[in-house]
2 protein chains.
Amino acid sequence: MRVYNFSAGPAMLPLAALEAAQSELTDWQGSGSSVMEVSHRGKEFVACAAETEALLRELMGVPENYRVLFLQGGASGQFDAIPLNLAAEGDRVGFLNTGQWSAKAIKAARKYGLDVQVLADEAASNYTTTPAAGSYTVDPASTYFHYTPNETIGGVEFGYVPDAGDVPVVADMSSTILSRPIDVSQFGLIYAGAQKNMGPSGLCVVIVRDDLVGHARPSTPSIWDYRAMAESDSMLNTPPTFGIYLLGKILAWVKESGGLVAMGERNRAKADALYGYIDASGYYSNPVALDSRSWMNVPFLQANADLDKQFVSEAAAAGLTALAGHRSVGGMRASIYNAMPLEGVQALIDFMTDFERRNG
Amino acid sequence: MRVYNFSAGPAMLPLAALEAAQSELTDWQGSGSSVMEVSHRGKEFVACAAETEALLRELMGVPENYRVLFLQGGASGQFDAIPLNLAAEGDRVGFLNTGQWSAKAIKAARKYGLDVQVLADEAASNYTTTPAAGSYTVDPASTYFHYTPNETIGGVEFGYVPDAGDVPVVADMSSTILSRPIDVSQFGLIYAGAQKNMGPSGLCVVIVRDDLVGHARPSTPSIWDYRAMAESDSMLNTPPTFGIYLLGKILAWVKESGGLVAMGERNRAKADALYGYIDASGYYSNPVALDSRSWMNVPFLQANADLDKQFVSEAAAAGLTALAGHRSVGGMRASIYNAMPLEGVQALIDFMTDFERRNG
């Protein structure tokens, strides 16, 4: 029995990828060992990691002059690693603050002595908006410009890629990567914890343009030194091998499903269905501005907030799990990443309709 | 078909743990989700992590005044995190250099401005020895004392726990943890990458005494700040959930197998059998001093080194895999961690005997 799992991350994964891993969990490729048991430096696993990288490059259209790194420590680790790799103390950097994840990235940049300019802060809307393109200007003297394309907690997503001129754009794509096609060449650095659209937690993917590699401060932890990791194919130390392997399975599923264009169409259809239902409802509501709604994370409220616990527990009993809102937001949240089928969203809408009928 | 896998890490895991994970990989505890798909903050996974910690505490006899942390970045990450958490710039620290992993830890401590005293360096023996107890003295003014109880590459292991007086002893136990009983109270901090005796790569266990928690430098990456991680039950950010889960399965297997006393007896028997065979052989040899031989990693040479590749490939064909020596050492290496049964060691000895008969 599989449920429709609306967890914000770690999150629902494609069943095909899980079943592929399950079938060979004790004997990978006829090796007589699990993929978890083989050396990361053996030719079998080196080939697995190379295939995973190649598939990611193919699906995302990663240009030749970008390195793909498989790191540990999650996006939170990169909050520290990015300032250490890209900037010296006192360097100016521009940030947009659109919610809790932006705020954590800003805090870490300040910790490492950067001159952080917050170019826009959506506090006035309680972080239910994104700043309009053109409403802020990135200082051309900035070493980099950082934003969070999708805020997992607030359910806020940018509808555009900010223009930072010649300043490298750094983006925390943890909860949006692989959800639709993007033009990687618009970014200097993309990073993403894997546990939403890419696999199990414990793997962080960094896609970084060559000219941003090689500037790490001496105090950078070696496992996050982009040059050292690029030169060792992310194997300066033992990488999270099972995560890389499972990412490969998930990318194969994305490819078989039609690639990122198909993912984007599917995700748009899911989001349209859910937001459309909520907006037409007199009982449920979503607080996010129309142009800033996330395709991946849909927070929603019901008119009678006293029933939130009941909603979440009855939904779980009906096979719709992990719908509790983030502890800082309340209400409910449906995360509808790539692995969530349209049928899951439809089942949620049916449940919401029934719940309102019974309680509204 | 399962092989006897002699990989140094990632390494052979108990089949019982792998099969338990396999059976519920798409539906964990009847949740309808994989353990990889559920929130780390949900009550199910929080209970799983707590059970894993409790079992580790029980098996290792971890005293109440020690915190157990589940971190990312491996032991290599801790090479950086330990100086950042425990010491200020200029602080004196003592190290023993017994091989490549000690040397990396020393290099990282110097990177963070510590006054590193190398109290013993086994270069003269080409790192085939450990310094005798009493042959070095830890400066009582040291902030901590670091050593590597087992050097995975050289196959060198301490037969004793160094006495550092009141100076906290910090030990990289990556390749020896859980291999026998230890007295945790002799240590200030124990750390270990999981990928030898504890599970898949991507998880690092830190066991740290309370008085060493809370002194991190402001520049410490947040995911390695011991206090922040202790206060959040290692969930300041998303932990490597599958690794923690599988560690729980492996610890359950250790407990069912009789705990660390039984592991120690079993590992001693395996090591005695293999070293005994090598020492009695006129064809194979092990370079390590008798009192410093690792129970876990057994490097060995054959009289005709030209046949090393043939040995490794014929052994693999016979179901004895990953026997190539480390690239820096050459020859062969048999890593015989907890999951390797005595039958596997016996099968290796039988193969070695046959190989010598055919080629010696």
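Anyway, here's the lowdown on the structure attached to this text. None of the values given here were measured: they were computed from a predicted structure.

**Topic: the overall build of chain A**
Turning to step 1, where the next piece is worked out: A count of helical and extended segments in chain A gives 9 helices and 14 strands.
Turning to step 2, where the next piece is worked out: Its C-alpha atoms give chain A a radius of gyration of 21 Å, within 12% of the compact-globule value 21 Å for 360 residues.
Turning to step 3, where the next piece is worked out: Considered along the principal axes of its C-alpha atoms, chain A spans approximately 60 × 55 × 30 Å.
Turning to step 4, where the next piece is worked out: When burial is assessed residue by residue, chain A has 54% of its 360 residues classed as buried.
Turning to step 5, where the next piece is worked out: Pairs at least 24 residues apart make up 69% of the contacts formed inside chain A by residues separated by at least 6 positions.

**Digging into the relation of the copies chain A and chain B**
Turning to step 1, where the next piece is worked out: The two copies are related by a screw motion: chain A maps onto chain B through a turn of 180 degrees and a shift of 0.0 Å along the axis, at an RMSD of 0.0 Å. Overall, the copies show the geometry of a two-fold rotation axis.
Turning to step 2, where the next piece is worked out: Of the interface residues in chain A, 100% have counterparts in chain B that sit at the interface too, so the contact is made through matching surfaces.

**Comments concerning the packing of helix α1 (residues 15-23) of chain A against helix α6 (residues 241-256) of chain A**
Residues and elements named next belong to chain A.
Turning to step 1, where the next piece is worked out: Where α1 contacts α6, the axes come no closer than 8 Å and their chain directions differ by 135 degrees. Accordingly, the angle class assigned to the pair α1 and α6 is oblique. For the crossing formed where α1 meets α6, the hand is right-handed. Contacts from A16, A17, A20 and A21 in α1 reach L246, K249, I250 and W253 in α6.
Turning to step 2, where the next piece is worked out: Taken together, the residues of the contact of α1 with α6 sort by class into 7 nonpolar, no polar and 1 charged.

**Overview of the sheet that holds strand β12 (residues 297-302) of chain A**
By definition, the strands of a sheet pair up through backbone hydrogen bonds, in either a parallel or an antiparallel sense.
Residues and elements named next belong to chain A.
Turning to step 1, where the next piece is worked out: With respect to topology, 3 strands assemble into an open sheet ordered β11-β12-β14, the strand pairing being antiparallel. In this open sheet, the two edge strands, each paired with only one partner strand, are β11 (284-285) and β14 (332-335).
Turning to step 2, where the next piece is worked out: Each of β11, β12 and β14 is contacted by helix α7 (residues 259-280), which is oriented at about 20 degrees to β12, the strand it contacts most.

**Describing the interface of chain A and chain B**
Many analyses report the size of an interface as the accessible area lost when the parts associate.
Turning to step 1, where the next piece is worked out: Across the contact, 56 residues belong to chain A and 56 residues belong to chain B.
Turning to step 2, where the next piece is worked out: The set of elements that each furnish at least two residues to the side of chain A that touches chain B consists of α1, α3 (74-86), α4 (100-111) and α6 of chain A.
Turning to step 3, where the next piece is worked out: With 5 residues, the single largest contributor to the side of chain A that touches chain B is α1 of chain A.

**Quick look at the pairing of strand β5 (residues 144-147) of chain A**
Residue and element names in this part refer to chain A.
Turning to step 1, where the next piece is worked out: Because side chains alternate across β5, one face comprises the buried residues Y144 and H146, and the other comprises F145 and Y147, equally buried.
Turning to step 2, where the next piece is worked out: By the bridge criterion, 3 bridges tie strand β3 (residues 92-97) to β5 in an arrangement that is parallel. Within β5, the position partnered with G94 by the bridge is F145.
Turning to step 3, where the next piece is worked out: Summarising the sheet, β5 and strand β8 (residues 169-172) pair through 3 bridges and their orientation is parallel. Counted as the bridge partner of H146 is V170 from β8.

Definitions and limits used
Residues numbered from 1 in each chain as written. Chains lettered and ligands numbered in written order. Predicted model: local features only at pLDDT ≥ 70, side-chain atom pairs only at ≥ 80, totals over all residues. Helix = DSSP H or I, 4+ residues; strand = E, 2+ residues; numbered from the N terminus. Rg over C-alpha atoms; globule rule 2.2 N^0.38 Å. Buried ≥ 20, exposed ≤ 12 C-beta atoms within 10 Å, placed from the backbone. Contact = placed C-beta atoms within 7 Å. Least-squares fit on C-alpha atoms with pLDDT ≥ 70 in both. Axes fitted to C-alpha atoms, helices over the stretch in contact; angles between N-to-C directions. Parallel < 35°, antiparallel > 145°, perpendicular 65-115°, else oblique. Left-handed = near helix turned anticlockwise from the far one by under 90°. Nonpolar A, V, L, I, M, F, W, Y, C, P; charged D, E, K, R; others polar. Pairing = 2+ DSSP bridges.

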